[in-house]
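Structural overview for review
The primary structure of each chain is shown beneath.
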Amino acid sequence: MTATKPPNKRSPSNIPNTAARKALTPSTKPLQKQQRSSVDKEQVLNKTSIENYFDSHFSNSKNLEGDSSNAQPIKASVEALGTVLVTSSLPLSIPHESELPLHETLDVLGVKARVIPLMAKLATAKSDEPSIDRKAKKVKKDSNEVRLLPIQQSLFPIMNTYADVLLTTQTRENEVEMRQTYCLHTVNHVLKTRDRVLKNTARLNAAALASSSKDTSGEAEATPEDVEDDDEDAGDVERNGNVIEYRDQGFTRPKVLVLIPFKNIAFEVIETIIKLSGASQVENKSRLTSEFTLPPEEDGLDPTKPEDYQHDFRGNIDDCFRIGIKFSRRHMKLFSDFYSADVIVASPLGLRMVVGAEGDKERDFDFLSSIEVVVVDRCDMLLMQNWDHLQHIFQHLNLTPKSAHDCDFARTKSWYLDGRSALLRQSILLSAFPTPEINALMAKSCKNVDGRIKISKVYRGSVGEVVVQVPQMYNRITSPSLRELDDARFKHFVEKVIPTLKRGGLEQKGTIIFIPSYFDYVRVRNHLRDHQADIEVGELCEYTSNSDISRTRSNFFHGKTSILLMTERFHFFRRYKIRGCKHVFFYQLPEYAQFYAELLNGMDVGMESRCSVVYSVYDKFRMERVVGSDRVKKMMDKDTFMFA
């Protein structure tokens, strides 16, 4: 039998500030479907007491049979984020920019009281940096007047619902604010979970002591109310005969997993977590600095590289790391053993080496069995590494462990024991742009019972950044299915493109064939080697050695090589300006739209210079980022399209 819970002291009805209740308390009626129009920005993404998202989402009485896939979607435009699409069975609305001070906003949102001043301090420090959003209002030093930045005001209430989040509007300008937001969500979740476990343990000890006193003095039996702490809800309390049970744990301790591509980003994230934790002592912090940063003399990039390259590849760009973070009341331990850690920060490659594969003698993934929040930062960069590692990790989340690992099964939540914990896991995916791979990961591996929230934006198109005068011809290919698209693209290349490359010796020289996929690159390269031996072809891919890169670039510039094959990963990691380019053929448009303008603006334009692009209806995401959201709709129905 479940004991009656005490009233929540921080529910909206008990908050004295009327403005706070009005701004952050939702209506009790679900919103109706909007007809492609914006929802009033005065609506807020909340349902009952906002703090109860944590309580209700992770409750043993949670209904796991709900189906959010049939929920009516809510679509609206939020200035700080972009287009927000909510698909959830919860009565959610769209968040708006609040005029409330930070401490009031976070208090109503259920953030732990000791974290709020730490976030205010972080926001105050951030306001002095030049990268702050220029649209944000000036932040005063008084912590009572500090406000969250517009992005944080809109994004944190979304994360706080514990629904899955897919955000594809990450940029250099807003990524720091977004990381602070999910770090705040991470720390708040860990502290709530840990405080509940510690307080319930104290209650059980008090109940045991009271029971022992009853045996000797004949006093009445202790009840859950006798050991209730007014500061924190006990969570799920059960009575099994005369035994009080608290279901507040999982199989293992780690509750949050943060997956990041490089050490430079991981260092920033861990530093933010440390600041928000309020830990007076951080063990192994010097080791963190030595392993995750570079000495000033080694941290140098070519200043001629594009700004986004210098930003992404600053500092330590090692992509193989993993670190456990253990929280205690006033102490934090970095590089903790995974089974004693609360948060795990790792790269997909670093974690994949521990998880292993089927047949490996030494592999371990039991520490992933009780993950409740997983954050994947910069999914777009992970696509340039090895996406299979990320998929492999998601396949091993929330599985029943093979060993007990000192688990207290009497306190394990029921949905862990039922093998259904994946339905309660919140997945937060952050990316600079959407791709079919990211959408597939969200659709197949993220089954949150409370639905998902997608955030996207409208693209103007990088084609407007092309400054050279060169004709850009787009040719649409057709394919009966996505499975046959690769063959259709290759057939078009062999039958339509190669004959134009061989039409006159001068015309074929100085041609770059840009191929995003390495598998397509190998297919084209082998065909040219076997069937077009008369064409001199250079090769640049992510596996090309430095010496071969220098030789290939030189040969192409001096005309010794007529055609240059280049992959997107090579351009992503190197960002060379290829001299001697007179023609560009895009076997498929790049994922990063800025690469399109970079390659064309780097051409040695002549009378015969041209750019050719092959696309299909399945390339809509790539097309949208290059030609713009408005224009792509028209181009999907046309066989040819030209920009002059």
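Residues numbered from 1 in each chain as written. Predicted model: local features only at pLDDT ≥ 70, side-chain atom pairs only at ≥ 80, totals over all residues. Heavy atoms only, no water.

Naming follows an unreviewed UniProt entry, where the protein chain appears as U3 small nucleolar RNA-associated protein 25 of Chytriomyces confervae. Here is the UniProt Sequence similarities (unreviewed entry) comment for the protein chain, exactly as written: "Belongs to the UTP25 family." (UniProt positions renumbered as here; feature names shortened; annotations may be inferred.)

Let's shift gears to the pairing of strand β13 (residues 452–456). What you see with β13 is a clean split: Ile-453 and Ile-455 sit on the buried side and Arg-452, Lys-454 and Ser-456 on the side with no burial. Bridge count for strand β3 (residues 164–167) against β13 is four bridges, and the pairing is parallel. By the bridge assignment for β13, Leu-166 is matched with Lys-454. (Buried < 20%, exposed > 50% of the residue type's maximum accessible area, 1.4 Å probe, protein only. Helix = DSSP H or I, 4+ residues; strand = E, 2+ residues; numbered from the N terminus. Pairing = 2+ DSSP bridges.)

The next point concerns the sheet that holds strand β11 (residues 373–376). Across the sheet, eleven strands lie side by side as β1-β2-β13-β3-β12-β11-β6-β10-β8-β9-β7; this open sheet has mixed pairing. Each edge of the open sheet carries a strand with a single partner, namely β1 (74–78) and β7 (281–283). Strand-to-strand twist across the sheet, computed as the mean angle between neighbouring axes with direction ignored, equals 15°. Strand direction decides the pairing type here: strand β8 (residues 322–327) and strand β10 (residues 343–346), joined by four bridges, are antiparallel. Of the residues in β10, the one forming a bridge with Arg-322 is Ala-346. Sheet strands touched by helix α14 (residues 436–445): β3, β12 (426–430) and β13. Its angle to β3, the strand with the most contacts, is close to 175°. (Axes fitted to C-alpha atoms, helices over the stretch in contact; angles between N-to-C directions. Contact = heavy atoms within 4.5 Å.)

Counting through the fold element by element, Asp-377 comes out in the loop between β11 and α11 (379–383). At 2.7 Å, the side chain of Asp-377 and the side chain of Tyr-182 are in polar contact. Residue contacts for Asp-377: discarding those within four places in its chain leaves Gln-170, Arg-179, Tyr-182, Leu-259, Ile-260, Pro-261, Ile-265, Leu-382 and Leu-430. (Polar contact = N/O pair within 3.5 Å; in protein donor to acceptor, adjacent residues only side chain to side chain.)

On to the sheet that holds strand β19 (residues 610–615). Within the open sheet, the seven strands sit side by side as β16-β17-β15-β18-β19-β14-β20. Their pairing is mixed. Of all the strands in the sheet, the pair left with one neighbour each is β16 (537–540) and β20 (640–643). When strand polarity is set aside, the average angle formed by the axes of neighbouring strands in this sheet is 15°. Summarising the sheet, strand β15 (residues 511–515) and strand β18 (residues 583–586) pair through four bridges and their orientation is parallel. Looking at the pairing, Ile-513 lines up with Phe-585 of β18. Relative to β16, helix α18 (residues 546–557) is tilted by about 140°, and along the sheet it contacts β15, β16 and β17 (563–567).

With the rule as written, the count across this model stands at 30 aromatic pairs. Their ring planes at 50° and their centres at 4.7 Å tell us that Phe-338 and Phe-367 sit as a pair that is tilted. Of this pair, Phe-338 sits in the loop between β9 (331–334) and β10 while Phe-367 sits in the loop between α10 (348–355) and β11, and the two are 29 residues apart along the sequence. Phe-367 sits in the buried class, given a relative accessible area of 0%. On the numbers, 5.7 Å between centres and 65° between planes, the contact of Phe-493 with Tyr-587 is edge-to-face. Of this pair, Phe-493 sits in helix α15 (residues 485–501) while Tyr-587 sits in the loop between β18 and α20 (593–601); the two residues are 94 residues apart in sequence, bridging distant segments of the chain. When sorted by exposure, Phe-493 lands in the same class as Tyr-587, which is buried. (Phe/Tyr/Trp six-rings, centres within 6.5 Å; stacked < 30°, edge-to-face > 60°.)

Examined against the element boundaries, Lys-112 turns out to sit in the loop between α3 (102–108) and α4 (116–126). A polar contact of 3.0 Å, which involves the side chain of Lys-112, links it to the side chain of Asp-195.

It is worth spelling out the pairing of β3 at this point. The alternating pattern of β3 places Asp-164 and Leu-166 on one face and Val-165 and Leu-167 on the opposite face, and all of these are buried. Where β3 and β12 come together, three bridges link them in parallel fashion. Pairing of Leu-166 across the sheet is with Leu-429, part of β12.

Turning next to the nonpolar core. Within soluble globular proteins, side chains that are nonpolar tend to cluster in buried spots. Residues Leu-106, Leu-257, Leu-334, Val-345, Leu-351 and Phe-394 are the most contacted members of the largest nonpolar core, which totals 112 residues. Top element by residues in this core is helix α7 (residues 263–277). It accounts for eight residues. In terms of domain composition, this core takes at least three residues from each of domain 1 (83–91 + 100–123 + 147–208 + 244–456) and domain 2 (462–643). Ignoring any residue separated from it by four or fewer positions in sequence, one finds Leu-257 in contact with Ile-344, Leu-351, Leu-368, Ile-371, Val-373, Val-374, Val-375, Ile-393 and Leu-397. Within the second largest apolar cluster, 35 residues are counted, among which are Phe-570, Cys-581, Val-627 and Phe-641. (Core = buried A, V, L, I, M, F, W, Y, C linked by side-chain atoms within 4.5 Å. Domains from an automatic or database assignment.)

To continue, consider a nonpolar patch on the surface. Taken together, the side chains of Leu-482, Val-617 and Tyr-618 define a hydrophobic patch exposed on the protein surface, amounting to about 270 Å² of accessible area. Looking at the element boundaries, Tyr-618 is found in the loop between β19 and α21 (620–627). (Patch = residues over 30% accessible without salt bridge, like charges linked within 9 Å, V, L, I, M, F, W, Y side chains within 5 Å. Areas by Shrake-Rupley, 256 points an atom, 1.4 Å probe, with all protein chains shown as cover. Salt bridge = Lys/Arg side-chain N within 4 Å of Asp/Glu carboxyl O.)

Enumeration according to the criterion identifies 28 salt bridges in this entry. Glu-175 serves as the salt-bridge partner of Arg-378, at 3.6 Å between the closest nitrogen and oxygen. Linking Arg-378 in the loop between β11 and α11 with Glu-175 in helix α6 (residues 175–217), this pair joins segments that are 203 residues apart in sequence. According to the relative accessible area criterion, Arg-378 is buried, its value standing at 7%. With relative accessibility at 2%, the residue Glu-175 sits in the buried group. The shortest N-O distance in the salt bridge between Arg-253 and Asp-342 comes to 3.0 Å. Pair noted here: Arg-253 is in the loop between β5 (243–247) and β6 (256–259) and Asp-342 is in the loop between β9 and β10, with a separation of 89 residues, a long-range link.

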